[in-house]
Amino acid sequence: MTRHVSSELHWGLLGPGDLDRIVALHTQAIRGMCPDQVRPESPEFFAALLEGAGRIVGVCDPAGDLVAYGVLQDGPDPGTRPDLWLGWPEDARIQKLAGSSVAEAYRGLRLQRTLIRRRIELADPDAYLYATAAPSNPASWRSLLHEGFEIRRLRRVYQDSLRYLMARRARMADTSAAGGDASAARSLDELLLDEQDRLLSQGWRGRLLAQAGCVLVPPEGAGS
Ligand SMILES: CC(C)(COP(=O)(O)OP(=O)(O)OC[C@H]1O[C@@H](n2cnc3c(N)ncnc32)[C@H](O)[C@@H]1OP(=O)(O)O)[C@@H](O)C(=O)NCCC(=O)NCCS
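Residues numbered from 1 in each chain as written. Predicted model: local features only at pLDDT ≥ 70, side-chain atom pairs only at ≥ 80, totals over all residues. Heavy atoms only, no water.

> Help me out: how do you make sense of the domain arrangement of the chain in this one?
A common way to express how large an interface is: the accessible area buried when the components associate. The assigned domain composition of the chain is domain 1 (6-177) and domain 2 (178-224). One C-alpha centre belongs to domain 1, the other to domain 2, and the line joining them spans 23 Å. At the interface, 15 residues of domain 1 touch 13 residues of domain 2. Here domain 1 packs against domain 2, burying approximately 1300 Å² in sum over the two surfaces, 59% of which is carbon and sulfur. At the boundary of domain 1 and domain 2, one finds two salt bridges. For Glu 150, the salt bridge goes to Arg 205, with nearest N and O atoms at 2.7 Å. (Domains from an automatic or database assignment. Contact = heavy atoms within 4.5 Å. Buried area = accessible area lost by both parts, 1.4 Å probe. Salt bridge = Lys/Arg side-chain N within 4 Å of Asp/Glu carboxyl O.)

> I keep staring at the pattern of salt bridges and nothing clicks. Help me out?
A pair can form between side chains of opposite charge whenever their charged atoms are brought close. Under the counting rule described, the total for this entry stands at 15 salt bridges. Arg 39 is paired through a salt bridge with Asp 77; the nearest N and O atoms lie 3.1 Å apart. One end of the pair, Arg 39, is in the loop between helix 1 (19-29) and helix 2 (43-53); the other, Asp 77, is in the loop between strand 3 (66-74) and helix 3 (82-86), with 38 residues separating them in the sequence. Under the relative-accessibility criterion, Arg 39 is labelled partly exposed at 24%. Two residues, Glu 147 and Arg 117, come together in a salt bridge whose shortest N-O distance is 2.8 Å. (Helix = DSSP H or I, 4+ residues; strand = E, 2+ residues; numbered from the N terminus. Buried < 20%, exposed > 50% of the residue type's maximum accessible area, 1.4 Å probe, protein only.)

> Help me out: how do you make sense of the pairing of strand 9 (residues 205-209) in this one?
Within a regular strand, the side chains alternate between the two sheet faces. Strand 9 sits mainly inside the fold: four of its five residues count as buried. Relative to strand 10 (residues 213-217), strand 9 runs antiparallel, the two being bridged by five bridges. Its bridge partner lying in strand 10, Arg 205 is registered against Val 217. The turn linking strand 9 back onto strand 10 is made up of three residues. (Pairing = 2+ DSSP bridges.)

> Please clarify how the packing of helix 1 against helix 2 should be interpreted in this entry.
The angle between the axes and the distance between the axes are what describe a pair of packed helices. One way to put it is that helix 1 packs onto helix 2 with a least axis distance of 10 Å and a crossing angle of 135 degrees. If you check the angle between helix 1 and helix 2, you find them oblique. Helix 1 and helix 2 meet at a crossing whose hand is right-handed. Every residue of helix 2 that contacts helix 1 at Leu 19, Ile 22, Val 23 and His 26 is listed here: Pro 43, Phe 46, Ala 47 and Leu 50. (Axes fitted to C-alpha atoms, helices over the stretch in contact; angles between N-to-C directions. Parallel < 35°, antiparallel > 145°, perpendicular 65-115°, else oblique. Left-handed = near helix turned anticlockwise from the far one by under 90°.)

> Honestly, the pairing of strand 4 (residues 94-102) in this entry has me stumped. Any pointers?
Buried residues dominate strand 4, accounting for seven of its nine residues. As defined by bridge partners, strand 3 adjoins strand 4 across six bridges and the pair is classed as antiparallel. Counted as the bridge partner of Asp 74 is Gln 95 from strand 4. As paired strands, strand 4 and strand 5 (residues 128-133) are joined by three bridges and run parallel to one another. Within strand 5, the position partnered with Ile 94 by the bridge is Tyr 128. With helix 4 (residues 111-122) bridging strand 4 and its parallel neighbour strand 5, the resulting β-α-β unit is right-handed. (Right-handed = clockwise from strand over helix to strand, strands pointing away.)

Structure below.
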């Protein structure tokens, strides 16, 4: 089997002419996954993004084939209100990391992490960024945690599918959202989703700590 190397890949913004190959990669990438793990997107969704509702970063192999993409959407999804749920200012500039796919043959290279970083660089520096990820899709939320997103809520969205609501500012004074008191942290693996939901609604935040892995940390100043 060919061993793929990320340094041979070409990164760039995609345009309207790329619609068909984005849809093909998306369809292939989510094959076998149910809507509870990942939301199937329509060609119209991607077409709107390519025509100005946001931007799509693409990754091509040396032959020019599209092997990964990541979507940056201007504004929130109609079905989600991160501003209300997280108490953001009324005039907050909101942008959403609205999905990414990596072709099977290129998985395991952490391409989604780089796609997240590239989209943060493209975002308005003052933006409030959010993304949603199913608890059952750890490849998605682990990458977001690595790049400074925090799990802030557990919500039913997109026709009743469970999602972590994850957020960060585009420009962070301290890029180590990975910080936190490991002694008070609770491991995500050991918490049922109901318990995670309860803690998140009390202000606990999901983070990836070097010494403890994926955890919920209590609100600053609160006891454990
Ligand atoms: C999500 C996706 C883009 C990630 O691709 P990728 O960048 O190649 O991801 P990797 O395989 O490098 O894994 C990223 C992280 O998830 C972890 N991971 C991957 N698969 C996992 C699994 N089944 N269970 C637990 N962790 C897993 C990896 O260990 C890695 O974490 P680490 O860096 O802390 O070790 C890819 O899996 C995909 O295209 N999935 C289908 C579409 C999708 O779900 N998109 C996201 C939601 S829109």
